[in-house]
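# Residue-level structural notes
Residues per chain are reported as follows:
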Amino acid sequence: MKSQNKYRKFQLQQKNIEALEKENSRFKRVYSEYENMSDELWNLENSKGEQVPDDFINAMMLQASYLEDEIQDWLIQFNEKKR
């Protein structure tokens, strides 16, 4: 059994994300980059092959956190606009 990707933090908000992707091409690019980075981080941490330096993984985690913050800001604005 595979462990769940802990980097995917927005799974419960997929409907809002899909709506934002349709109306905002920049959001779509940022979210796509976040998904790619999340998948790659998960793969690096769970691979049995050659080890990747911690500095590299930490840099990727930092970049992913910046993307998460930006996505979260968009989702907050989107939810406020829906009210």
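Read on for an overview of the structure. Treat the numbers as computed from the prediction; the structure is a model and nothing was measured. (Residues numbered from 1 in each chain as written. Predicted model: local features only at pLDDT ≥ 70, side-chain atom pairs only at ≥ 80, totals over all residues. Heavy atoms only, no water.)

### Thoughts on the pattern of salt bridges
By the definition in use, this model includes three salt bridges. The salt bridge partner of arginine 26 is glutamate 70, with a shortest N-O separation of 2.7 Å. With arginine 26 in helix H2 (residues 25-46) and glutamate 70 in helix H3 (residues 54-82), this pair connects stretches of sequence that are 44 residues apart. On the accessibility criterion, glutamate 70 (23% relative accessible area) is partly exposed. (Salt bridge = Lys/Arg side-chain N within 4 Å of Asp/Glu carboxyl O. Helix = DSSP H or I, 4+ residues; strand = E, 2+ residues; numbered from the N terminus. Buried < 20%, exposed > 50% of the residue type's maximum accessible area, 1.4 Å probe, protein only.)

### Quick look at the nonpolar core
Phe10, Phe27, Tyr31 and Ile71 are the most contacted members of the largest nonpolar core, which totals 18 residues. Of all the secondary-structure elements, those providing two or more residues to this core are helix H1 (14-23), H2 and H3. Considering each element in turn, this core owes the most residues, eight residues, to H3. Apart from residues lying up to four places away in sequence, tyrosine 31 is in contact with Phe10, Gln14, Ile17, Glu21 and Ile71. (Core = buried A, V, L, I, M, F, W, Y, C linked by side-chain atoms within 4.5 Å. Contact = heavy atoms within 4.5 Å.)

### Things to note about H1
Among the residues of H1, Asn16, Ile17 and Leu20 are the ones counted as buried. The buried residues of H1 occupy one face: seen down the axis, they fall within an arc of 100°. For H1, the exposed residues lying more than 90 degrees away from the buried face are Lys15 and Lys22. Where H1 is buried, its residues contact H2 and H3. (Arc of directions from axis to C-beta.)

### Let's talk about the environment of aspartate 54
Relative to the elements of secondary structure, aspartate 54 occurs in helix H3. The spatial distance from the C-alpha of aspartate 54 to the C-alpha of leucine 67 is 20 Å, given a sequence separation of 13 residues.

### Brief notes about the packing of aromatic side chains
Summed over the entire model, instances satisfying the criterion amount to four aromatic pairs. For the ring pair phenylalanine 10 and tyrosine 34, a centre distance of 5.5 Å and an interplane angle of 70° mean the geometry is edge-to-face. Here tyrosine 34 lies in helix H2 and phenylalanine 10 lies in the segment before H1, a separation of 24 residues in the sequence. By relative accessible area, tyrosine 34 is classed as buried at 0%. Here tyrosine 31 and tyrosine 34 contribute two aromatic rings whose centre-to-centre distance is 6.0 Å and whose plane-to-plane angle is 45°, an arrangement assigned as tilted. Here the residue tyrosine 31 and the residue tyrosine 34 both occupy positions in helix H2, the gap between them amounting to three residues, near one helical turn. The exposure class assigned to tyrosine 31 is buried, which follows from its relative accessible area of 3%. Three or more aromatic residues joined by ring pairs form one cluster here, namely Phe10, Phe27, Tyr31, Tyr34 and Trp74. (Phe/Tyr/Trp six-rings, centres within 6.5 Å; stacked < 30°, edge-to-face > 60°.)

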